[in-house]
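Close look at the chain arrangement
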Amino acid sequence: MMFLACCYNDPDMLIDPETIYPTRADCTDAPKSRFKPMPRRTLSPRRWKLLFNEEGCLDAAGMIMRVQRGGVHPNIKGEVWEYLLGCYDPKSTTEQRNQLRQQRRLEYEKLKTKCREMDTTVGSGRVITMPVITEDGQPIEDPNSTGEQQTNNGPLTKEVIQWKLLLHQIGLDVNRTDRTLVYYESQENLARLWDILTVYAWVDTDIGYCQGMSDLCSPISIILEHEADAFWCFERLMRRVRENFKSTSTTIGVRSQLTTLSTIMKTVDPKLHEHLGRVFLELNVLYFFLY
């Protein structure tokens, strides 16, 4: 009875997450969300509003407690993630956040305009999936192209060449990302994800783009309505995980972390370390015979 009363008082708890992020009808084997809103635990839209004072400052401790206990309701994920990823200071007022939001949107538009000047596919609603340039900076003509991509006159800088070499790689990954979702049946939404990743690749020249970044950016692009807000939320996320994508002449970011984890595990639980080592060896042998 108490459960029913809680749900009645907070109708947001009755919403099925599957209706917010629906999968395509033909993807019958797509995994279902295991998240279910829980009364008195999940951070609901109603509870979220109550965490702000009159000036708009957020009770960060209350937010974190709710998130840890029962997760975040799908209807407010975008707003909450912006705080969890550090886009906004919980102590900031509503007015301060509005000003910062507008500044960031203008800055993103400037960055996107710069990218559009280098390749007009950016912001066009289309996605590049074929190479547009050689490693020495020579353009590659796409037989399906209208001839509008190349807008630069004269030799290209090393930075521009490096960026252009990534465009089709981003496009190929975008076309493979979360394709079970109805959301990505829309070419506009695919292009939006591609735009965010291409602008980020221009901003972060050290990382550029690596496979897997589209999977991190996709949910952010889905839950945040404004493209610029999604970009800055993704940029904040990348500040935390970019080392995973960083490669040197001797190591890859993720591999480096796995090596560290292996060293810790060997000290804490030698038997588990030995077992996983045998499993890894057997998988490598199996891969060798199969491929």
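Residues numbered from 1 in each chain as written. Predicted model: local features only at pLDDT ≥ 70, side-chain atom pairs only at ≥ 80, totals over all residues. Heavy atoms only, no water.

1. Examining the overall build of the protein chain
The condition that has to hold: For helices the rule is a DSSP run of H or I covering at least 4 residues; for strands it is a run of E covering at least 2, with both sets numbered from the N terminus onward. Contacts are assigned to residue pairs that have any heavy atoms within 4.5 Å of one another. Here the open area of atoms and residues is found with the Shrake-Rupley method and a 1.4 Å probe, where only the protein chains shown may cover a residue.
Counting its secondary structure elements, the protein chain contains 12 helices and zero strands. In the protein chain, once contacts between residues fewer than 6 apart in sequence are set aside, the share between residues at least 24 apart is 69%. Total accessible area on the protein chain is roughly 18,000 Å²; 56% of this is exposed by carbon and sulfur atoms.

2. Considerations on helix α10 (residues 227-241)
Applied cut-off: Given a helix with a known number of residues, its expected span is that number minus one, times 1.5 Å. Remark: exposure states derive from per-residue accessible area (1.4 Å probe, protein chains only) relative to the maximum for the residue type, with buried under 20%, exposed over 50%, and partly exposed in between.
The end-to-end C-alpha distance of α10, which contains 15 residues, comes to 21 Å, matching closely the 21 Å that a straight helix rising 1.5 Å per residue would cover. Of all the 15 residues making up α10, 12 are buried; the element is thus mostly covered by neighbouring parts of the structure. If you check which residues of α10 are buried, you get Glu-227, Ala-228, Asp-229, Ala-230, Phe-231, Trp-232, Cys-233, Phe-234, Glu-235, Leu-237, Met-238 and Val-241. Check the buried side of α10 and you find it contacts α5 (77-84), α6 (94-118), α8 (187-203) and α9 (213-223).

3. A short note on α5
Of all the positions in α5, only Gly-78, Val-80, Glu-82 and Tyr-83 are classed as buried. At its buried positions, α5 is contacted by α3 (45-50), α4 (60-70), α6, α9 and α10. Gly-86 occupies a position one or two residues after α5 and carries a positive phi of about 90°.

4. Comments concerning the packing of α9 against α10
Quick note on the threshold: Axis definition: a line fitted to C-alpha atoms, limited for helices to the stretch in contact. Angles are taken between N-to-C directions and run from 0 to 180 degrees. Oblique is the label for every angle not falling under 35 degrees (roughly parallel), over 145 degrees (roughly antiparallel), or within 65 to 115 degrees (roughly perpendicular). Note on convention: near helix rotated counterclockwise from far helix by under a right angle means a left-handed crossing. Clockwise means right-handed. Only Asp, Glu, Lys and Arg are considered charged in this grouping, and only Ala, Val, Leu, Ile, Met, Phe, Trp, Tyr, Cys and Pro are considered nonpolar; every other residue, Gly among them, is considered polar.
Put simply, α9 and α10 touch, their axes get as near as 9 Å, and they point 140° apart. Judged on the interaxial angle alone, α10 and α9 are oblique. For the pair α9 and α10, the crossing hand works out as right-handed. Facing α9, whose interface residues are Met-213, Leu-216, Cys-217, Ile-220 and Ser-221, α10 presents Ala-230, Cys-233, Phe-234, Leu-237, Met-238 and Val-241. A per-class count over the contact of α9 with α10 returns 10 nonpolar, one polar and no charged.

5. Some points on the side chain of Asn-189
Along the chain, Asn-189 falls in helix α8. Take Asn-189: its relative accessible area is 16%, and that puts it in the buried class. Ignoring anything within four residues of it in the chain, the contact list for Asn-189 reads Tyr-183 and Tyr-184.

6. Comments concerning the environment of Glu-227
Tracing the backbone shows Glu-227 in helix α10. Overall, Glu-227 belongs to the buried group, its relative accessible area being 16%. The sequence separation of Glu-227 and Ile-196 amounts to 31 residues, and the corresponding C-alpha distance is 7.5 Å. Ignoring anything within four residues of it in the chain, the contact list for Glu-227 reads Tyr-108, Lys-112, Arg-192, Asp-195 and Ile-196.

7. Digging into the packing of α6 against α8
Interaxial distance between α6 and α8 falls to 10 Å at its minimum, and their mutual angle equals 90°. Relative to α8, the element α6 lies roughly perpendicular. Note on element contacts: α8 touches α6 through Asp-195, Ile-196, Thr-198, Val-199, Trp-202 and Val-203, opposite Tyr-108, Leu-111, Lys-112, Lys-114, Cys-115 and Met-118. Residue composition of the contact of α6 with α8, by class: eight nonpolar, one polar and three charged.

8. Details of the nonpolar core
Stated precisely, the cut-off is as follows: We call a set of buried residues a nonpolar core when its members are Ala, Val, Leu, Ile, Met, Phe, Trp, Tyr or Cys and they connect through side-chain atoms within 4.5 Å of each other. Source of the domain bounds: an automatic or database domain assignment.
Ranked by size, the top nonpolar core spans 55 residues in total, and within it Trp-48, Leu-197, Met-213 and Phe-234 carry the most contacts. Mapped onto this core, the elements with two or more residues apiece are α5, α6, α7 (158-174), α8, α9 and α10. When residues of this core are assigned to their parent elements, the largest contribution, 10 residues, is made by α8. Composition of this core by domain shows at least three residues from each of domain 1 (11-85) and domain 2 (107-138 + 156-244).

9. What about the pattern of salt bridges?
Two side chains of opposite charge can pair, provided their charged atoms sit close to one another. Stated precisely, the cut-off is as follows: The term salt bridge refers to a side-chain nitrogen of Lys or Arg lying within 4 Å of a carboxyl oxygen of Asp or Glu.
Under the criterion given, the structure shown has 14 salt bridges. The salt bridge partner of Asp-229 is Arg-105, with a shortest N-O separation of 2.7 Å. One end of the pair, Asp-229, is in helix α10; the other, Arg-105, is in helix α6, and 124 residues separate them in sequence. Judged by relative accessible area, Asp-229 falls into the buried class, the value being 8%. The class for Arg-105 is partly exposed, based on a relative accessible area of 23%.

10. Here we look at the side chain of Ser-218
Applicable threshold: Polar contact is the term for a pair of N or O atoms within 3.5 Å; when the atoms are in protein, one must be able to donate a hydrogen and the other to accept it, and sequence-neighboring residues count only if both atoms are side-chain atoms.
Within the secondary structure, Ser-218 sits in helix α9. At 2.8 Å, the side chain of Ser-218 and the side chain of Tyr-184 are in polar contact. Beyond its immediate stretch of four places on either side in the chain, Ser-218 contacts Thr-177, Asp-178, Tyr-184 and Leu-193.

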